[in-house]
Amino acid sequence: MKFDKAYFDAGINRYNSGCVKWDDKNACPDGALPMWIADMDFACAPAIANAVKKRAQHPCFGYSAHDGAVEKAFCDFWKRRHGLEIQPEQTVTLPGVVTGIRMALQIFTNPGDEIVIMTPVYGPFFFSVKDAERKLVECPLLEDENGHITMNYAAMETAFINGAKVVILCNPHNPVGRAWKKDELEALLKLCKQYGVKIIADEIHADFVYAPNHFVPMLTLDGAQDCVISLVAPSKTFNVAGLQHAHAVCFDKGILEKLNHLLHMYGVSSGNIFALAASKAAYEDCDEWLDGLIAYLDEGHKLLRKCLQEKIPKAKMANIEATYLAWIDLRAYGFNTEELNERCRQAGVIFNKGTFFGEMGNGFVRINFGCPHVHVEEAVKRLAKALGEEEKK
Ligand SMILES: Cc1ncc(COP(=O)(O)O)c(C=O)c1O
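Residues numbered from 1 in each chain as written. Predicted model: local features only at pLDDT ≥ 70, side-chain atom pairs only at ≥ 80, totals over all residues. Heavy atoms only, no water.

A few words now on the overall build of the protein chain. In terms of helices and strands, the protein chain carries 14 helices and 15 strands. Here the C-alpha radius of gyration of the protein chain, 21 Å, is about what a compact globule of 393 residues would show, namely 21 Å. Reported as C-alpha extents along the three principal axes, the dimensions of the protein chain are approximately 65 × 55 × 40 Å. Looking at the protein chain residue by residue over its 393 residues, the buried ones come to 56%. Within the protein chain, residue pairs in contact and separated by at least 24 positions form 74% of the contacts whose partners lie at least 6 positions apart. Summing over all exposed atoms, the protein chain offers an accessible surface of approximately 17000 Å²; the carbon and sulfur share of this is 52%. (Helix = DSSP H or I, 4+ residues; strand = E, 2+ residues; numbered from the N terminus. Rg over C-alpha atoms; globule rule 2.2 N^0.38 Å. Buried < 20%, exposed > 50% of the residue type's maximum accessible area, 1.4 Å probe, protein only. Contact = heavy atoms within 4.5 Å. Areas by Shrake-Rupley, 256 points an atom, 1.4 Å probe, with all protein chains shown as cover.)

Here it is as structure tokens:
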């Protein structure tokens, strides 16, 4: 099978599959086009579907044995695709990356401690810190006159001097689409080490980086070994988020022990047998599918930019180096988040509200372009209608 443009153009009808993106009628009323939550409107790779079907043929779904095969496949994948050497014993199996963020906060900090996040950023970074009764310190990303976004080292240094204990890094960054470069990550690591700050690196979007950019795993940096927990998953990469499987990777034995202890405390053991079958197939047999997907998404964000330029000239779209999520500044249209949201719903298109990523997201939307290109075109048409651009033409 060829995983080319025609393959991904075909998309898949997801209605009545129990998926939140299309089937949650509160979030996405009938007839609306959902371009919100980060999963994609493509079938997973055939090798994954076949592995799950094969496992389902044995009608006994008891506790799973961990024979290390999935971890080996996972480690081989990371070596092959990202040049990072991981040993299976340096990984911990989790139900999700957000679970890992919450556990890492427990391990590294105490209630009341200050935690740095780089806003705008994925909503659960905020919720995880607040739920753990830690204090959020927002260090807003900086943007230059060319729209290039960078980390705010000065704000972070001030936070560290004031006692912040942890940074939650999004690498690559959701929603602004930056694939942080080696020197940027090194500068962050240097600063963190200077002040004894730990890094929780959410690297779930690692596999979606568009040439000439490339993904730099935090754990490849010298000195990261004793202060970084990296959290990764097959969920975004292979579009299998409903299977709930992720990994924490850490090179420090003491931290690994604490992670395993926490899992034990909360009774999280074995692993979902379908997830294990799917992940093994994903990491072993789906490189070709993934390469085809990345090529398709690379075209998708270029198409999105072109459509926006044509139909919504006052929209500003952040440069896309990574992820299948586009951060769109619609402030020139003068609507706040609630007004934008309502107008989009009326026009039949659903995006993530900008404020899901922090208060500075007021007047922004996040568009998921992990879908057939025709949906990208249709979504921009509907957004133009929502903004009143259509009537002008
Ligand atoms: C940056 C980031 N981290 C974590 C997640 C969710 O991960 P999980 O479902 O494994 O908790 C997402 C989902 O969109 C994400 O964008």
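Here strand S3 (residues 114-117) runs beside strand S4 (residues 135-138); their pairing, made up of four bridges, is parallel. For Val-116, the partnering residue across the bridge sits in S4 and is Val-137. Where the polypeptide runs from S3 across helix H6 (residues 123-131) and back to S4, its parallel neighbour, the crossover connection is right-handed. (Pairing = 2+ DSSP bridges. Right-handed = clockwise from strand over helix to strand, strands pointing away.)

So, on to the site of the ligand. If you check the shell around the ligand, you find Ala-38, Gly-96, Val-97, Val-98, Tyr-122, Cys-170, Asn-174, Asp-202, Ile-204, His-205 and Lys-236 and nothing else. Measuring from an oxygen atom of the ligand, one finds a side-chain N or O atom of Asn-174 at 2.8 Å. One of the side-chain N or O atoms of Lys-236 is found 2.9 Å from an oxygen atom in the ligand. Protein chains bury 87% of the 400 Å² of accessible surface belonging to the ligand in isolation. In a pocket analysis with a 2 Å cut-off to the grid points, the ligand is assigned to the largest pocket. Taken together, the residues of the shell around the ligand break down into six nonpolar, three polar and two charged. (Near = heavy atom within 4 Å. Polar contact = N/O pair within 3.5 Å; in protein donor to acceptor, adjacent residues only side chain to side chain. 1 Å grid on protein atoms, 1.4 Å probe; cavity = no way out; pocket = protein on both sides within 12 Å on 5 of 7 lines; lining within 4 Å. Sits in = over half its atoms within 2 Å of the grid points. Nonpolar A, V, L, I, M, F, W, Y, C, P; charged D, E, K, R; others polar.)

Here we come to the sheet that holds strand S12 (residues 325-329). Read from one edge of the open sheet, four strands run S11-S12-S15-S14, paired in antiparallel fashion. Of all strands in the sheet, those with a lone pairing partner are strand S11 (316-317) and strand S14 (352-353), marking the two edges. In this structure, S12 lies alongside strand S15 (residues 364-368), joined through five bridges in antiparallel fashion. Within the sheet, the bridge partner assigned to Ile-328 lies in S15 and is Val-365.

With their axes 8 Å apart at the nearest point, helix H4 (residues 69-82) and helix H10 (residues 273-285) run at an angle of 30° to one another. Between H4 and H10, the angle is such that the two are roughly parallel. Between H4 and H10 lies a crossing of left-handed hand. Contact residues: H4 offers Ala-69, Val-70, Ala-73, Phe-74, Phe-77 and Arg-80, while H10 offers Leu-276, Ser-279, Lys-280, Tyr-283 and Glu-284. Here the contact of H4 with H10 is built from residues that sort into seven nonpolar, one polar and three charged. (Axes fitted to C-alpha atoms, helices over the stretch in contact; angles between N-to-C directions. Parallel < 35°, antiparallel > 145°, perpendicular 65-115°, else oblique. Left-handed = near helix turned anticlockwise from the far one by under 90°.)

Attention now goes to empty space enclosed by the protein. Summed over the entire model, instances satisfying the criterion amount to three cavities of 30 Å³ or more. Roughly 60 Å³ of volume is contained in the largest cavity. What lines the largest cavity is Thr-337, Leu-340, Asn-341, Cys-344, Ile-350, Phe-351, Asn-352, Lys-353, Gly-354, Phe-364 and Val-365. Broken down by element, the residue count for the lining of the largest cavity peaks at four residues, all from helix H12 (residues 337-347). Partitioned by chemical class, the residues of the lining of the largest cavity number six nonpolar, four polar and one charged. (Points joined across faces, edges and corners; volume = space filled by probe spheres on them.)

To continue, consider helix H7 (residues 153-161). Turning to H7, its buried residues number three or more, namely Met-156, Ala-159 and Phe-160. Summarising the axial view, the buried residues of H7 lie within an arc of 100°, below the 170-degree limit, and thus occupy one face. Set apart from the buried face of H7 by more than 90 degrees, the exposed residues are Ala-154 and Ile-161. Following H7 by one or two positions, Gly-163 has its phi on the positive side, about 110°. (Arc of directions from axis to C-beta.)

According to the domain assignment, the protein chain consists of domain 1 (5-45 + 287-392) and domain 2 (62-285). One C-alpha centre belongs to domain 1, the other to domain 2; they are set 25 Å apart. Between domain 1 and domain 2, the contact holds 31 residues from the first and 39 residues from the second. Summing both sides of the interface, domain 1 and domain 2 together bury roughly 2800 Å²; the carbon and sulfur share of this comes to 57%. The largest share of the area that domain 1 buries against domain 2 comes from Asp-287, Glu-321 and Thr-323, three residues that together contribute 25% of it. On the surface where domain 1 and domain 2 come into contact, there are four salt bridges. With a closest N to O distance of 3.4 Å, Arg-81 and Asp-287 form a salt bridge. Elements with a minimum of two residues in the side of domain 1 that touches domain 2: helix H11 (287-311) and S12. Tallying contributions element by element places H11 first for the side of domain 1 that touches domain 2, with nine residues. (Domains from an automatic or database assignment. Buried area = accessible area lost by both parts, 1.4 Å probe. Salt bridge = Lys/Arg side-chain N within 4 Å of Asp/Glu carboxyl O.)

Here we come to the layout of surface pockets. Roughly 1100 Å³ of internal volume is contained in the largest pocket. Around the largest pocket, the lining comprises 44 residues; the ones closest to its centre are Asp-39, Ser-235, Val-240, Ala-241 and Gly-242. Sorting the residues of the lining of the largest pocket by element identifies helix H3 (46-57), helix H5 (97-108) and H6 as the ones contributing at least two each. Looking at the lining of the largest pocket residue by residue, the classes come out as 27 nonpolar, 12 polar and five charged. When residues of the lining of the largest pocket are sorted by domain, at least three fall in each of domain 1 (5-45 + 287-392) and domain 2 (62-285). The calculated volume of the second largest pocket comes to roughly 360 Å³. Around the second largest pocket, the lining comprises 20 residues; the ones closest to its centre are Glu-143, Ile-149, Trp-327, Arg-331 and Phe-364. Residue assignment for the lining of the second largest pocket shows that the elements contributing at least two residues are strand S5 (142-143), S11 and S12. Residues that form the lining of the second largest pocket fall into these classes: 11 nonpolar, four polar and five charged. Taken domain by domain, the makeup of the lining of the second largest pocket includes at least three residues from each of domain 1 (5-45 + 287-392) and domain 2 (62-285).

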